[in-house]
Amino acid sequence: MSISLVALDYSRAVQPLYEQEPRAGIVHSVFRRAVNIGFGETMLTLLSSELPRMPNGVRISSPAMTELLNGLQPGTPVWIGKRRLFVPSGDFELILPEMPPWEPRPALAPYHWRRSSVVQQVYSLAHRLARQPRDGGLAPLAGPLLLGRTAVMTPLLSTALPLLQLLLRASRQQKTSALEEAARGLAGLGPGLTPSGDDVLAGFASVMALLSPYAYSGAGPREDIAEIISSAARPRTTTLSAALLAYAARGEVAEPLGNLLLALARPQEASSEVLFAAERVLALGGTSGGDMLLGLLLGLRALDHVIYSIGARLWSYGPCSNATPTTTRSLS
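Here we summarise the structure given alongside this text.

**Things to note about the packing of helix α6 (residues 176-186) against helix α8 (residues 225-233)**
Running from N to C, α6 and α8 cross one another at 45 degrees; their axes reach a closest spacing of 8 Å. In terms of orientation, α6 and α8 fall into the oblique class. Crossing of α6 against α8: the hand is right-handed. Contacts between α6 and α8 involve T176, L179, E180, A183 and R184 on the former and, on the latter, I225, I228, I229, A232 and A233.

**A look at the nonpolar core**
Counting 110 residues, the largest nonpolar core has L44, W113, L164, L260, L294 and L296 as the members making the most contacts within it. Ignoring anything within four residues of it in the chain, the contact list for L294 reads L129, L138, A139, L141, A142, L146, L164 and V200.

**Notes on the sheet that holds strand β3 (residues 23-30)**
With mixed pairing, 9 strands are arranged side by side in an open sheet as β1-β9-β8-β7-β3-β4-β5-β6-β2. In the strand order of this sheet, the two ends are held by β1 (3-6) and β2 (9-10), each with one partner. By the bridge criterion, 4 bridges tie β3 to strand β7 (residues 77-81) in an arrangement that is antiparallel. Paired with A24 across the strands is W79, a residue of β7. Packing against the sheet, helix α2 (residues 62-69) makes contact with β1, β3, β4 (34-39), β5 (42-48), β6 (57-60), β8 (84-87) and β9 (92-95), and its axis sits at approximately 120 degrees to β5.

**Some words on helix α5 (residues 155-173)**
A rise of 1.5 Å per residue sets the reference length of α5, with its 19 residues, at 27 Å; its end C-alpha atoms lie 28 Å apart and thus fit the reference within 8%. Its maximal kink placed at L161, α5 deviates by approximately 25 degrees, while the proline P162 follows within four residues. Buried within α5 we find L156, L157, A160, L161, L163, L164, L166, L167, L168, A170 and S171. One or two positions beyond α5, positive phi appears at Q174, with a value near 55 degrees.

**Re unusual backbone geometry**
Look at K82: it is not a glycine, yet its phi comes out positive at around 55 degrees. Tracing the chain through its elements places K82 in the loop between β7 and β8. With relative accessibility at 57%, the residue K82 sits in the exposed group. Positive phi, close to 50 degrees, is recorded for D91, a residue that is not glycine. Note on placement: D91 falls in the loop between β8 and β9. For D91, a relative accessible area of 31% gives the class partly exposed.

Parameters and conventions
- Residues numbered from 1 in each chain as written.
- Predicted model: local features only at pLDDT ≥ 70, side-chain atom pairs only at ≥ 80, totals over all residues.
- Heavy atoms only, no water.
- Axes fitted to C-alpha atoms, helices over the stretch in contact; angles between N-to-C directions.
- Helix = DSSP H or I, 4+ residues; strand = E, 2+ residues; numbered from the N terminus.
- Parallel < 35°, antiparallel > 145°, perpendicular 65-115°, else oblique.
- Left-handed = near helix turned anticlockwise from the far one by under 90°.
- Contact = heavy atoms within 4.5 Å.
- Core = buried A, V, L, I, M, F, W, Y, C linked by side-chain atoms within 4.5 Å.
- Buried < 20%, exposed > 50% of the residue type's maximum accessible area, 1.4 Å probe, protein only.
- Pairing = 2+ DSSP bridges.
- Expected span 1.5 Å × (residues − 1).
- Bend = angle between axes of the 7 residues up to and from the residue.

Read these as geometric descriptors, not functional statements.
This is the structure we're talking about:
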């Protein structure tokens with residue numbers, strides 16, 4: 001029996017895949033609430049509706065996901081193009097809805113970031129990460145890297161710590177070769193479809209892509225930091241991680257991560273919003289959320305070093321803020 005369904009929503013970043021001439025892909029991996037499909041160097045993820053939006057995602061209802069998973073397995077051929085995705089083996093067709101796509105790049109430009117507020121929030125979230133139950137990820141490194149504390153080191157943490165220290169130094173100093181060295185060392189570090197090292201790099205790269213053009217104003221162009229990280233990591237990690245790093249290098253991130261960045265851009269009085277948004281990030285995957293949050297905090301720490309050094313100027317509060325609009329002024 002032929003099945004034709006309309007998706008609930010989709011990321012703007014995957015729209016070109018749907019609008020091109022039909023091309024073949026292949027199912028990469030299948031989970032209870034997600035299916036990853038490879039198309040060349042990129043990867044589309046079909047997500048059940050209870051999961052948050054992803055930059056490479058198309059969401060469908062839970063019953064539709066159950067129907068799709070019936071008989072689907074890695075290696076199954078899939079076709080995409082002309083606004084539909086088609087699985088011949090199950091005679092299953094998924095069509096994009098007639099609605100605007102979700103934008104995976106958070107709209108941070110209207111906001112003015114108070115340095116004192118962001119520094120305090122980074123410190124608070126670093127404490128939250130350091131208390132994260134030890135589950136195999138890199139979150140415990142928030143202590144040594146952000147709080148000046150020691151941590152009980154595992155082989156994974158011992159390998160990652162000097163590489164993350166190098167990543168921080170290289171991004172502050174704009175040393176391309178050192179950035180590449182750090183990214184190559186972290187890429188593929190840890191188990192899973194998105195290893196811990198890649199998740200940290202994704203959080204870090206997304207901050208660089210979204211904020212460094214503003215924070216580095218007057219100190220030379222550094223907008224390419226995120227792309228340097230993504231390019232160096234790409235050949236050394238999994239297909240899914242490489243695809244997500246490419247999105248992160250363009251500032252296209254998972255919905256919880258974007259919401260956290262938006263919360264951080266608001267006044268310090270909104271700290272409860274920051275903590276709530278951080279918990280949503282931590283809920284991503286097994287260790288992915290904690291690792292991405294660590295990368296995001298490290299990115300903000302690297303930018304804070306530059307902001308403090310050169311007095312970079314960022315944004316005024318936008319209409320979504322609860323604060324009174326002000327003129328743009330330097331972080332202080």
